[in-house]
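So you can see what is in the structure, the chains are spelled out below.
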Amino acid sequence: MRSTKKAKSIKYIFVVGGVMSGVGKGVAAASIGKILQSRGLIVTAVKIDPYVNVDAGTMNPTEHGEVFVLDDGAECDQDMGNYERFLNIDLTRTNYMTTGSVYLSVIEKERNLEYGGKQVEVVPRIPLEVVDRINKAAKKAGADVVIVEVGGTVGEYENILFLEAVRMLRLKHPNDVLLVLVSYVPALGAGGNELKTKPTQHAVRNLNSVGLHPDMILGRAHIPLDEKRKQKIAFMCSLEEQDVISAPNVENIYEVPLNFERDNISDRILKKLSLRPRGRDMKEWRQFIERSKNAKKTVKIGIVGKYFGTGEFILEDSYISVLEALHHAAAAVGVRPDIQWLNSEKYEKSSNSLKELNEFGGIIVPGGFGTRGIEGKIAAIRYAREHKIPYFGLCYGMQLAVVEYARHVLGLKRAHTTEINPTTPHPVIDIMFEQKKNLTEKKYGASMRLGAYPASIKKDTIAFGAYKEPLISERHRHRFEVNPDYISRLEKKGMIFSGFSPDRRLMEIMELPRKDHPFFLGTQFHPELKSRPLAPHPLFVAFMKAAITKK
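Summary of the structure given here. Since the structure is predicted, the reported quantities are computational estimates derived from the model, not experimental observations. (Residues numbered from 1 in each chain as written. Predicted model: local features only at pLDDT ≥ 70, side-chain atom pairs only at ≥ 80, totals over all residues. Heavy atoms only, no water.)

### Examining a positive patch on the surface
Applicable threshold: A patch is a set of surface residues, each over 30% in relative accessible area and not in a salt bridge, joined within 9 Å for like charges and within 5 Å for the nonpolar side chains Val, Leu, Ile, Met, Phe, Trp and Tyr. Residue-level accessible areas treat just the shown protein chains as cover; the underlying method is Shrake-Rupley with a 1.4 Å probe. When a carboxyl oxygen of Asp or Glu lies within 4 Å of a side-chain nitrogen of Lys or Arg, that pair is called a salt bridge. When charges are counted, neither His nor the chain ends are considered; positive counts come from Lys and Arg and negative counts from Asp and Glu. To locate a charge, take NZ of a lysine, CZ of an arginine, CG of an aspartate or CD of a glutamate. Strands are runs of DSSP state E lasting at least two residues, helices are runs of H or I lasting at least four, and both sets are numbered from the N terminus onward. Exposed residues in this analysis have more than 50% of their type's maximum accessible area, buried residues have under 20%, and partly exposed residues fall in between, with area computed by a 1.4 Å probe over protein chains only.
Judged by side-chain charge, Lys198, Arg205, Lys228 and Lys232 come together as a positively charged surface patch. Listing elements by their share of the positive patch, those giving two or more residues are helix H7 (198-208) and helix H8 (227-236). As for its placement among the helices and strands, Lys232 is situated in helix H8. For Lys232, a relative accessible area of 44% translates into the label partly exposed.

### Overview of H8
Each turn of an α-helix holds 3.6 residues, which means side chains three or four residues apart point in the same direction. Applied cut-off: The directions from the helix axis to the C-beta atoms form the arc being described. Contacts are assigned to residue pairs that have any heavy atoms within 4.5 Å of one another.
Regarding H8, the residues found buried are Arg229, Lys230, Ile233 and Ala234. The arc that holds every buried residue of H8, seen down its axis, measures 130°, which confines them to one face. Facing away from the buried surface of H8 by more than 90 degrees, the exposed residues are Lys228 and Phe235. In the core, the buried residues of H8 are packed alongside strand S9 (194-195), H7, strand S10 (216-221) and strand S11 (244-248). Immediately downstream of H8, the backbone of Ser238 shows phi near 60°, a positive value.

### Some words on the nonpolar core
Rules: Joining through side-chain atoms within 4.5 Å is the link that ties buried Ala, Val, Leu, Ile, Met, Phe, Trp, Tyr and Cys residues into a set, and such a set is a nonpolar core.
Membership of the largest hydrophobic core comes to 50 residues, with the highest contact counts inside it found for Ile13, Ile32, Leu36, Leu218, Phe260, Ile265 and Ile269. Ranked by residue count, the leading element in this core is helix H1 (residues 25-38), at 7 residues. Ile269 has contacts with Ile13, Ile32, Leu36, Leu178 and Met216, leaving out every residue within four places of it along the chain. Val102, Ile134, Val146 and Val204 belong to the second largest nonpolar core, which has 44 residues in total.

### What to know about the pattern of salt bridges
Here the structure, examined in full by the defined rule, presents 40 salt bridges. For Arg475, the salt bridge goes to Glu84, with nearest N and O atoms at 2.9 Å. In this pair, Arg475 is assigned in strand S21 (residues 471-478) and Glu84 in helix H3 (residues 79-87), connecting sequence segments 391 residues apart. Accessibility classification places Arg475 together with Glu84 in one group, the buried group. Across the salt bridge formed by Glu345 and Arg372, the nearest N and O atoms sit 3.5 Å from each other. Here the residue Glu345 occupies a position in helix H13 (residues 345-349), and Arg372 occupies one in the loop between strand S16 (362-365) and helix H14 (374-386), the gap between them amounting to 27 residues. Here Glu345 falls in the partly exposed class, since its relative accessible area comes to 23%. Among the residues examined, Arg372 registers a relative accessible area of 43% and is labelled partly exposed. By sharing partners, the salt bridges in this structure join Lys47, Asp49, Asp77, Asp79 and Glu149 into a single network.

Written out as structure tokens, the structure reads:
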């Protein structure tokens, strides 16, 4: 007997940006998703990047921000991190696409005769491929709503085919598609509080030119939109006033969903998409924000790295997940983190500068690649070890901690990683065997050890005390590892490998005994990628607790 059960209707919310880049589309999309989650809906998110790069793995973090890695190894834009943190879900490569990956897929299908010998044209094939990928992501998640962030700015050539996909989908499902424009509203005047709506009007005209009109506008400004500005945007852009939402700057990005709800955004979305709410619950979210805002005690955390300065700008996007993980952990233990950037190159020029590390409750050396500033990082690690300053090394930060220990405790003065010195007589960090072929053949994209891998945790260690589990899963992004030839020598001199692959071939966590140091720990993986506001990462919580108690 044939089933008469009706297929689940998917609702689509597209988020696009107007006027300029960097207006906060990712946070807006994640916030809308969080709000709809709180109304009882199943939500997933998709990011579309308008770059020809097949993924984000080969992009420079100083230009594009951090590369966010998913469980399945996909290297993505940092906005995928926002989606996971806000929605507290694990996404997959299905949830991310670029111009390059879409074209590559279409070309591969053409080569495999999947178009039945038909002429393959950019339109409609590229937009249809985009729609197909969005639907796959929604169905995989069993979602009621899929939120799709279209990268770039309306009016650009780069994202026009993605906007065509929105137009085609809306034509087919007029009652299931909502278009949200996040538009910058600049301010002029003596006090800088005279908000100007004309750029937003032009952004809407740009959308009109490709056959689209926004259902809702989020006005991004440094202050809340006043009623007069809302009325003007609504009138000039053919919207109801309730569909113009104020999106002012906030101290904490996790406040954005609460800001949106002050303008009743969820009620408007539910009405427009004919969705029934199943309650309203943001209690835990509000409690997290209150803990963050009400913390009295401050703890100073120093992050030693090289991607911080470009001219006079501080590029926090390079390590955004590390920053967010610190904030999550700080809220969990009731403190406010004072995070300061420490350029490792200055420690190479003056060892006297290292004394400033005494001012910090804890030091982090995050992931990275390349030779610049390496000796400065190693000097900072040594200082933290010898002066018992809590130290947390992430990926490269763990590898350099092993190098430092080999040099100054084992006495292997020329010990190094072969990534920096291929001819070192003591390669305590060496390239993974399976990676040598990739580098020889110049296969750099998506060729590292990527994604989630299991690790066994040794009991009676800092790591086990944090995880409280014998087996964990963490995300990786690296080519080099602790050289197995040196493991026993390092252990004999006091280093503990408290985490390792189930076959004991790869060292995942190194630490020093608590009797020798309050917290000296490094991970080969990237724990920051799995930290969430409502589920802070246990190692970051342990590090923050050690930083609080540092004398």
